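Coordinate analysis (summary)
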Amino acid sequence: MLNTAAPRSAEHAARNAPKQDLRAWLAQMRDAGELVTVTGADRDEEIGGIVDIYQRTMGAPAVMFQDIPGFPPRHRVVANILTSVRRIKLTLGMPAQTSEMDLVRYWRNYMKNPQAIPPITVESGPLMENVATGADIDILKIPTPKWHEHDGGRYIGTGCMVIMRHPDTGWINYGAYRIQAQDRSVASVMTSKGKHGNLIMRRWHELGKPCPIAVVCGMHPALFMVAGIEIPYGSNEYDAAGRLLGEPV
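Nothing here was measured: the structure is a model prediction, and the numbers come from that model.

Rules used throughout
Residues numbered from 1 in each chain as written. Predicted model: local features only at pLDDT ≥ 70, side-chain atom pairs only at ≥ 80, totals over all residues. Heavy atoms only, no water. Helix = DSSP H or I, 4+ residues; strand = E, 2+ residues; numbered from the N terminus. Buried < 20%, exposed > 50% of the residue type's maximum accessible area, 1.4 Å probe, protein only. Contact = heavy atoms within 4.5 Å. Phe/Tyr/Trp six-rings, centres within 6.5 Å; stacked < 30°, edge-to-face > 60°. Lys NZ or Arg CZ within 6 Å of the ring centre and 35° of its normal. 1 Å grid on protein atoms, 1.4 Å probe; cavity = no way out; pocket = protein on both sides within 12 Å on 5 of 7 lines; lining within 4 Å. Points joined across faces, edges and corners; volume = space filled by probe spheres on them. Nonpolar A, V, L, I, M, F, W, Y, C, P; charged D, E, K, R; others polar. Pairing = 2+ DSSP bridges. Right-handed = clockwise from strand over helix to strand, strands pointing away.

**Observations regarding the environment of serine 235**
Within the element layout of this structure, serine 235 appears in the loop between helix H7 (221-228) and helix H8 (237-245). The exposure class of serine 235 is partly exposed, given its relative accessible area of 26%. Counting along the chain gives twelve residues from serine 235 to glutamate 247, while the straight-line C-alpha distance between them is 17 Å. Contact partners of serine 235, with chain neighbours within four places excluded, come to Trp171 and Ile172.

**Notes on the packing of aromatic side chains**
Enumeration according to the criterion identifies five aromatic pairs in this entry. Between the aromatic rings of tryptophan 107 and tyrosine 110, the centroid separation amounts to 5.5 Å while the plane-to-plane angle is 80 degrees, which identifies the pairing as edge-to-face. One end of the pair is tryptophan 107 and the other is tyrosine 110, both in helix H5 (residues 100-112) and three residues apart, which spans about a single turn. Assessed through its relative accessible area of 21%, tryptophan 107 is described here as partly exposed. The cationic tip of arginine 178 hangs over the ring face of tyrosine 155; the distance from NZ or CZ to the ring centre is 4.0 Å.

**A word on the layout of surface pockets**
Approximately 160 Å³ is the volume found for the second largest pocket. Of all elements in the fold, only strand E6 (172-175) and H7 reach the threshold of two or more residues within the lining of the second largest pocket. Element by element, the count of residues in the lining of the second largest pocket is highest for E6, at three residues. Tallied by class, the residues present in the lining of the second largest pocket amount to six nonpolar, four polar and three charged.

**As for unusual backbone geometry**
Peptide bonds are, in most cases, trans, and in most cases residues other than glycine have a negative phi. One non-glycine residue, aspartate 67, adopts positive backbone phi at about 50 degrees. Mapped onto the elements, aspartate 67 comes out in the loop between strand E2 (62-66) and strand E3 (77-79). The backbone of asparagine 80 sits at a positive phi, close to 60 degrees, despite the residue not being glycine. You can see asparagine 80 is positioned in the loop between E3 and helix H4 (85-91). Given a relative accessible area of 4%, asparagine 80 falls into the buried group.

**Brief notes about the pairing of strand E1 (residues 35-39)**
The side chains of a regular strand alternate, residue by residue, between the two faces of the sheet. Where E1 meets E2, five bridges bridge the pair, whose relative direction is parallel. Bridging from a neighbouring strand, valine 36 pairs with valine 63 of E2. Viewed along the sheet, the connection from E1 through helix H3 (residues 47-55) into E2 turns out right-handed.

If you want it as structure tokens, here you go:
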């Protein structure tokens, strides 16, 4: 995503809105002492167990795995991203002295007053640096862990953004749904009944059409926040994410 616009209000300027890039967030967290790096962990036997240990303590740092056996060096996994009040404040661009009650008040105001910052359309960006199509697609190259001992497979989501557009209204919804890597070019998406993504999917099927879905893995954690909360039905979540970032998506 390209970041080409300045914050649009004093509120956003004061919050020093973050860049819309996971790499920028990782650098920010590393500088703040909020990220640890683990090298050489196995994706089936070790990554899930290590993450479970970190998640048991509120405030434990985010953890990034690299040099995963069987995968190229730059194919990394980052987890435990938002289990710290300090990381949440940093992600939102809030001052370090912000209290937990101030954070609660911020979220309450955010949900009650859904001001929008619409997205902007760009011609290209870092997203387009590596593109695979057709027979070149191989999602098994991604070191998706087996997170728990009795999982039925390797899940690349819930830590993702599932983006869907309503066929009648054009409403854009972000969701955080379970996604399992099945084969080189197949992944399954599970949306619970009643969730916005499921309602959109059912409407496409009522029209006799397949439901287009975009899945983003490795987004900025502020965008993941929007995917994981209940923005009101019909509200364009690109707009909601822009307000959270303090700049257009």
